[in-house]
Structure formats: C-alpha cells, structure tokens
Amino acid sequence: MKKIFLAAVVALFAINANAQFWAGGALGFESTNIDKDADIKKSAFNFTPEFGYNFADNMGVGITLGINNSKQVAGDVDTKATTYCIAPYFRYVFLSFGNVSLFADAGIDLDIVKDGDNKFYAGVQPGIAIQCNEKITLATRLGSIGYSNAFDGVFTFKAAASIPSVGIYYNF
C-alpha cells in the first residue's frame, strides 16, 4: 500500500512539475464590549495556518487548520471555549488581472469544540488575492454561502458577510 501511495505522489509531481505550493495563514484577535450596561465582554484569538497546491493556472486545493480560543465575561461569570478547525477546500480562480485574482473556495469546515457542540459547514467563500511578488501573496475571503449543521438535528442554510481576515501566503 505504501508503494502505491508513493508511486501516486511521484506521478502527481511529475505531471505537474510547474505546480506551485503555498503555505501561510492568518492570526486574529477580537475584543468586543457587547453590552456596557450588563458588563458583557467578549474576546477571541485565532491562529489558522493554511497549506495548498495549485495543480493548474486557475485551480488548486488547500487545507486550513485552526485553533480559536474565546472568552466571554458576563458580570462574574466567565465562559471559555476552544475550537479546533479542519477545512479542506477546492480553489477556482475565475478572474485575474495583473497581480490581482478573484477566486472562490468550495469546501467543508469541521469545527471541534472542546467541551461543546461540534459544527459542520459546507459552502463557498469568494475572495481576493494580491500577489505582492513572486513569493508573497496577500489573500482575503469575503463572507460565505452554504449549509451548516451543529450535529443537533438542525440543518440550516447560511449566507454571511463576515468581517474579512487577511492571510499571507509564501509561494514555493
């Protein structure tokens, strides 16, 4: 089995000798005063490394791995949560002009919440990538549209215009 896997990997690299790998990700911090009168505050920190492989000029695959630590304080009550994320995706670049590309990532996202409710999401996220030079790319995703399920029997449609985060990729 190992020989078959190794042969497949070697064949993949031989066919796509001009392919491009990338590695990068994003760091984020958020602090919000939800309700001043009730003294409710929320803060969160996330780290999401990302790895990918372009197998054509306008197509690639990638995976985002992440951890998010959040804390909400409501008066004397502290609520903490740690979430781990695994999110493989397929990227299609549908428009490029100069060093700017518009893309769409179609993928799934599995969030594993420590001592909480796990979540599943499948959908599409549009984004913009700006190639600063041959090795450095800045990328951001602009919301999402898809389906989510918190493994509680409820399956919902989701369209979100989330706050964009900026990631930095190093291209190999």
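Look up a bit, the structure's there.
Residues numbered from 1 in each chain as written. Predicted model: local features only at pLDDT ≥ 70, side-chain atom pairs only at ≥ 80, totals over all residues. Heavy atoms only, no water.

Peer 1: I'd like a rundown of the packing of aromatic side chains, residues and numbers included.
Peer 2: Applying the stated criterion across every chain yields a total of four aromatic pairs. An angle of 40 degrees between the planes, with centres 6.4 Å apart, marks the rings of F55 and F90 as tilted. With F55 in strand β2 (residues 40–56) and F90 in strand β4 (residues 77–97), this pair connects stretches of sequence that are 35 residues apart. Exposure remark for F55: the relative accessible area of 32% places this residue in the partly exposed category. Assessed through its relative accessible area of 32%, F90 is described here as partly exposed. Both rings, one in Y170 and one in F172, keep their centres 5.2 Å apart while their planes meet at 80 degrees; by these two values the pair is edge-to-face. What makes F172 exposed here is its relative accessible area of 54%. (Phe/Tyr/Trp six-rings, centres within 6.5 Å; stacked < 30°, edge-to-face > 60°. Helix = DSSP H or I, 4+ residues; strand = E, 2+ residues; numbered from the N terminus. Buried < 20%, exposed > 50% of the residue type's maximum accessible area, 1.4 Å probe, protein only.)

Peer 1: Go over the pattern of salt bridges, please, and point to the residues and values.
Peer 2: Applying the stated rule across the entire model yields five salt bridges. Here E50 and R91 are joined by a salt bridge, their closest N and O atoms 3.9 Å apart. Pair noted here: E50 is in strand β2 and R91 is in strand β4, with a separation of 41 residues, a long-range link. In terms of burial, E50 and R91 fall into one category: buried. With its nearest N and O atoms 2.8 Å apart, the salt bridge here joins R141 to D105. Residue R141 is located in strand β7 (residues 136–141), and its partner D105 is located in strand β5 (residues 100–113); the two are separated by 36 residues in the primary sequence. Connected via shared salt-bridge partners are E50, R91, D105 and R141. (Salt bridge = Lys/Arg side-chain N within 4 Å of Asp/Glu carboxyl O.)

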